[in-house]
Every structure is written in C-alpha cells, then in structure tokens.
Amino acid sequence: MKAELPRASRRLLDAVSLDAEIRVFPEGTKTAEDAAKAVGCPVSAIVKSLVFVVDDQPVVALVPGDLRLDTGLLAEAAGGESARRASLDEVRRATGYAAGGTPPFGHARPLRVFADPALKRNDPVWAAAGTPTTVFPISISDLDRLASPVWVTVT
C-alpha cells in the first residue's frame with residue numbers, strides 16, 4: 001500500500017513513527033470542507049496545517065477546519081510583532097511540502113508549531129498527508145507527541 005502513495009506521503013511516513021492509514025482522494029482535499037466531505041467527518045475534525053511567517057520566521061499553526069486563524073494571536077503566541085501567511089515558495093522551503101498538503105509534522109526543518117485547543121473537540125482528527133489529495137486520521141495524543149505543539153488559542 002505504501003508504494004502506491006504519492007512520494008510526499010511516503011516521505012512523511014518515513015519521517016515519523018506513526019502507523020497511519022493514509023487515504024488518497026484523486027479529486028483533492030484542498031479545503032477543510034473538501035476533506036471533511038471526502039472522509040465523512042465534521043469540518044471541525046480537519047486539521048489545517050497553516051504556515052505563517054512571524055517576524056521573518058516560518059511557523060506552523062494547527063487550526064480546526066471550522067475556525068479561522070487570528071494573525072494577531074499567532075504573532076503574540078510566537079513572541080513576535082506581526083504574522084503573515086507564507087507564500088507558496090516559503091511553505092515548500094520551510095516544510096518540504098506543497099501548500100494544501102502540508103502535514104502537521106515531519107517537516108524539512110525544525111519549525112515551531114502552535115495548536116489551537118479547539119482541535120481537542122474531536123478525537124481523532126484528520127490531517128493532510130503531504131499532498132493536496134491525501135489525508136490521514138490521528139489521535140490528539142499522537143498529534144501532540146509528533147508535532148510537539150504549543151497549545152494556545154490562535155483562532
């Protein structure tokens with residue numbers, strides 16, 4: 001099964017110790033709504049792995065699919081002055097993955113990760129698996145163990 005996965009999804013599995021059931025949706029799961037519909041879960045159970053730049057440093061914010069990130073709260077949580085969405089090139093350079101398929105961990109370089117506590121409303125949650133067409137379920141405890149986020153309100 002692993003050999004049939006996209007290269008980026010195989011790289012994610014190789015990077016972390018997780019026995020994940022990655023699901024492939026050729027039509028894509030680029031939005032939280034698309035992903036929720038594809039897997040049959042509430043939009044709040046989708047983990048959006050958002051890459052932002054806080055004072056010139058990329059960070060990852062893990063936010064439930066039904067909520068919007070507040071850049072002011074993210075900047076404050078990261079100890080910075082301001083936050084902006086990373087460009088597509090910045091996302092790929094920082095994480096090694098394309099925007100829309102960025103997983104919550106297994107990035108190309110160490111990044112600070114911030115997770116909104118509202119994610120804990122669902123367990124398991126679903127996250128991108130390295131491409132805009134792949135997702136996987138993960139328990140909150142495994143998400144916490146593998147992403148090592150700072151749990152702080154950023155929505």
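Computed from a prediction, not measured in an experiment: that's the story for all the values here. (Residues numbered from 1 in each chain as written. Predicted model: local features only at pLDDT ≥ 70, side-chain atom pairs only at ≥ 80, totals over all residues. Heavy atoms only, no water.)

## Some remarks on the environment of Val 51
Here is the rule we go by: Starting at the N terminus, helices and strands are each numbered in turn, a helix being any DSSP run of H or I of at least four residues and a strand any DSSP run of E of at least two. Should any heavy atoms of two residues lie within 4.5 Å, those residues are counted as being in contact.
Summarising the element assignment, Val 51 is placed in strand β2 (residues 46-54). Along the primary structure Val 51 and Ala 86 are separated by 35 residues, whereas in three dimensions their C-alpha atoms are 5.7 Å apart. Those residues in contact with Val 51 that sit more than four places away from it in its chain are Pro 58, Val 59, Val 60, Arg 85, Ala 86, Val 91, Thr 95 and Thr 102.

## What to know about helix α5 (residues 140-147)
Which entries qualify depends on this criterion: Burial classes: relative accessible area under 20% of the type maximum marks a residue as buried, over 50% as exposed, and values in between as partly exposed (1.4 Å probe, protein chains only). The reported arc concerns the directions from the helix axis to the C-beta atoms and nothing else.
Along α5, the residues classified as buried are Ile 140, Leu 143, Leu 146 and Ala 147. One side of α5 carries all its buried residues, which in axial view fall inside an arc of 135°. If you follow the buried residues of α5, they end up packed against β3 (57-64), β5 (112-115), β6 (125-128), β7 (134-138) and β8 (150-151). In the segment just after α5, Ser 148 is the residue with positive phi, at about 45°.

## Considering helix α4 (residues 88-95)
Among the residues making up α4, those that are buried are Glu 90, Val 91, Ala 94 and Thr 95. Across the axial projection of α4, the buried residues extend over an arc of 105°, all falling on one side. Along α4, the residues that are exposed and aim more than 90 degrees away from the buried face are Leu 88, Asp 89 and Arg 93. Where α4 is buried, its residues touch β2, β3 and β4 (83-85). Gly 96 sits one or two positions beyond α4 and adopts a positive phi of about 85°.

## Describing the nonpolar core
Heads up, the condition is: Working definition of a nonpolar core: buried Ala, Val, Leu, Ile, Met, Phe, Trp, Tyr and Cys residues. They are joined through side-chain atoms within 4.5 Å.
Counting residues in each nonpolar core, the largest one holds 31 residues, and the members touching the most others are Leu 18, Leu 62, Phe 105, Phe 136, Ile 138 and Leu 143. Among the secondary structure elements, those contributing two or more residues to this core are α1 (7-15), β2, β3, α4, β5, β6, β7 and α5. For this core, the leading source of residues is α5, giving four residues. What Leu 143 contacts, discounting residues up to four positions off in sequence, is Leu 62, Pro 104, Phe 105, Leu 119, Val 125, Ile 138, Ser 148, Pro 149 and Trp 151. Counting 13 residues, the second-largest nonpolar core is a separate cluster that includes Phe 52, Val 54, Phe 114 and Val 154.

## Observations concerning unusual backbone geometry
Backbone torsion omega between Asp 123 and Pro 124 reads 10°, so that peptide bond is classified as cis. Relative to the helices and strands, Pro 124 resides in the loop between β5 and β6. Residue Asp 55 is not a glycine yet carries a positive backbone phi of 45°. With respect to the secondary-structure elements, Asp 55 resides in the loop between β2 and β3. For Asp 55, a relative accessible area of 34% translates into the label partly exposed. In this structure, Ser 148 is a non-glycine residue whose phi angle is positive, near 45°. For Ser 148, the position within the fold is in the loop between α5 and β8.

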